[in-house]
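Notes for the structure review
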Amino acid sequence: MLERLFTSTTRIKILRLLMFNSDKWYYLRELARKIKTTPTYVKKELDNLTEAGFINKKRKGNLILFHINQDSPIFNELRELFIKSDYILFKQMYEKTAPDISNLTEFNYFFNFPEKLRKTKRGVSDEKE
């Protein structure tokens, strides 16, 4: 789904990894290995995302580390877009394997989670249970 919005699958993979691991800093080869893409493509997309303000970078010795920019004006919206996209994809896959899912309480709860668990900038639920 996001492939239609974003023109680069590498960019989507990088954003997804950094978005849902927002407490970690990654170096180029580590990112490339985790998303199973060549460092050349990863470097190109990291440069684009850094220039756009979605990613922060810092130097540590000989390494350049990358981290999602949680202060980006659209960080929360982008995060929700990824959550919803993953939710729709998972739901479609699940419906193919188990067409009658309306009676599964856990499943229904899971698929209502974007409305129930709005995430803050740090990815922690605003609601108390």
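Residues numbered from 1 in each chain as written. Predicted model: local features only at pLDDT ≥ 70, side-chain atom pairs only at ≥ 80, totals over all residues. Heavy atoms only, no water.

1. Examining the nonpolar core
As a rule of thumb, soluble globular proteins bury nonpolar side chains together. Ile14, Leu18, Leu31, Val42, Leu46 and Ile55 are the most contacted members of the largest nonpolar core, which has 20 residues in total. Broken down by secondary-structure element, the contributors of at least two residues to this core are α2 (9-19), α3 (28-35), α4 (39-52), β3 (63-68) and α5 (75-97). At six residues, the largest contribution of residues to this core is made by α2. Excluding its chain neighbours within four sequence positions, the residues that come into contact with leucine 31 are Leu17, Leu18, Tyr26, Val42, Leu46 and Phe66. (Core = buried A, V, L, I, M, F, W, Y, C linked by side-chain atoms within 4.5 Å. Buried < 20%, exposed > 50% of the residue type's maximum accessible area, 1.4 Å probe, protein only. Helix = DSSP H or I, 4+ residues; strand = E, 2+ residues; numbered from the N terminus. Contact = heavy atoms within 4.5 Å.)

2. Points about the confidence of the model for the protein chain
Model confidence for the protein chain is summarised by a mean pLDDT of 77, while 63% of its residues fall at 70 or above. Taken as a whole, residues 113-129 scores under 50 in pLDDT and shows 26 contacts with residues more than four places along the chain or in a different chain. (pLDDT = per-residue confidence, 0-100.)

3. Points about α3
Turning to α3, its buried residues are Glu30, Leu31, Ala32 and Ile35. Its buried side turned inward, α3 meets α2, β1 (26-27), α4 and β3. Lysine 36 sits one or two positions beyond α3 and adopts a positive phi of about 55°.

4. Re the packing of aromatic side chains
Counted according to the given criterion, the structure contains zero aromatic pairs. The ring of tryptophan 25 is capped by lysine 58, whose NZ or CZ atom sits 4.4 Å from the centre of that ring. (Phe/Tyr/Trp six-rings, centres within 6.5 Å; stacked < 30°, edge-to-face > 60°. Lys NZ or Arg CZ within 6 Å of the ring centre and 35° of its normal.)

5. Digging into the environment of threonine 38
Note that threonine 38 resides in the loop between α3 and α4. Taking the relative accessible area as the measure of exposure, threonine 38 reaches 39% and is therefore partly exposed. For the pair formed by threonine 38 and leucine 28, sequence separation is 10 residues and the distance between their alpha carbons is 9.8 Å.

6. As for the pairing of strand β2 (residues 55-60)
Consecutive side chains of a regular strand alternate in pointing toward one face of the sheet and then the other. Bridge count for β2 against β3 is six bridges, and the pairing is antiparallel. By the bridge assignment, lysine 57 is partnered in β3 with phenylalanine 66. Taking the residues that link successive antiparallel strands as the turn, the β2-β3 hairpin has two residues, and the phi of glycine 61 there is positive, at about 65°. (Pairing = 2+ DSSP bridges.)

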